[in-house]
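Chain by chain, the residues:
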Amino acid sequence: MTLPFFVYGTLRPGEANHRLFLHGRTRSEEPARLEDTVLYEGPGYPYAVEEPGGGGVRGELVTARPEAYGALLAELDRLEEYVPGDPRSLYVRVERKVLRDADGAGVRAWVYVAGQGVAARLRAAGRRVEGGEWRGRG
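All of the points below concern the structure found in this document.

Scoring rules and cut-offs
- Residues numbered from 1 in each chain as written.
- Predicted model: local features only at pLDDT ≥ 70, side-chain atom pairs only at ≥ 80, totals over all residues.
- Heavy atoms only, no water.
- Helix = DSSP H or I, 4+ residues; strand = E, 2+ residues; numbered from the N terminus.
- Rg over C-alpha atoms; globule rule 2.2 N^0.38 Å.
- Buried < 20%, exposed > 50% of the residue type's maximum accessible area, 1.4 Å probe, protein only.
- Contact = heavy atoms within 4.5 Å.
- Areas by Shrake-Rupley, 256 points an atom, 1.4 Å probe, with all protein chains shown as cover.
- Lys, Arg positive; Asp, Glu negative; His and termini not counted.
- Charge placed at Lys NZ, Arg CZ, Asp CG, Glu CD.
- Arc of directions from axis to C-beta.
- Salt bridge = Lys/Arg side-chain N within 4 Å of Asp/Glu carboxyl O.
- Pairing = 2+ DSSP bridges.
- Axes fitted to C-alpha atoms, helices over the stretch in contact; angles between N-to-C directions.

Points about the overall build of the protein chain
Each helix and strand in the protein chain was counted, giving three helices and seven strands. For the protein chain, the N- to C-terminal ordering of α and β elements is β-α-β-β-β-β-α-β-β-α. For 138 residues, the compact-globule formula gives about 14 Å, and the C-alpha radius of gyration of the protein chain, at 14 Å, lands near that figure. Over its C-alpha atoms, taken along the principal directions, the protein chain stretches across nearly 40 × 35 × 25 Å. Here the protein chain holds 138 residues, and the buried ones make up 46% of them. Expressed as a percentage of contacts within the protein chain between residues at least 6 apart in sequence, the contacts between residues at least 24 apart total 67%. Of the roughly 7000 Å² of accessible surface on the protein chain, 50% is carried by carbon and sulfur atoms. In the protein chain, 20 side chains carry a positive charge and 20 a negative one; their mean positions are 1 Å apart.

Rendered as structure tokens:
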């Protein structure tokens, strides 16, 4: 399934991994918000943890150029240490509704959220990023 990506950390415009992975490979990048999540600090990058009623996470909805989509999806899975079906994955790629800032429309997108084990550790002892905004921290 071809979906846009919701990015909220080092893949956002102006951050280090945007230049390495997304620059020149996107058709659009729009400010957006992911509801029912909490943002936690990681070692140089953030983790979105799903939590009903959570304050939400700020980021961008990124639509890849069609010719770059397949390779980009595989590269982002590797970057996020996501292996489908592996419970040890650092992040898991899930389909979620993201709200575009421009018009409030809900758009289905791929989002990398903290894997189950990581999420449990963060909930127990992690440091939340108030306001759900990572920009400028990485």
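On we go from here.
Here's the deal with helix α3 (residues 116–125)
Those residues of α3 not exposed but buried are V118, A119 and L122. The buried residues of α3 all sit within an arc of 100° when viewed along its axis, so they share a single face. Away from its buried face, by an angle of more than 90 degrees, α3 presents the exposed residues Q116, R121, A124 and A125. In this structure, the buried residues of α3 make contact with β3 (37–41), β4 (46–50) and β7 (106–114).

Digging into the pattern of salt bridges
One pass over the full model with this rule turns up 14 salt bridges. The shortest N-O distance in the salt bridge between D101 and R58 comes to 2.3 Å. Taken together, the positions of D101 in the loop between β6 (91–100) and β7 and R58 in strand β5 (residues 57–64) put the pair 43 residues apart, joining distant regions of the chain. Here D101 falls in the partly exposed class, since its relative accessible area comes to 39%. When salt bridges that share partners are traced, they join R12, E60, E133 and R135 into one network.

Observations regarding the sheet that holds β5
Reading around the barrel, the five strands line up as β1-β5-β2-β6-β7 and close back on themselves, with mixed pairing between neighbours. Going across the sheet, the axis of each strand differs from the next one's by a mean of 45°, ignoring polarity. The sheet contact formed by strand β2 (residues 26–34) and β6 spans two bridges and is antiparallel. Pairing of R33 across the sheet is with L99, part of β6. Contacts from helix α2 (residues 69–79) reach β1 (5–7), β5, β6 and β7 within the one sheet, and its direction differs from that of β7 by about 35°.

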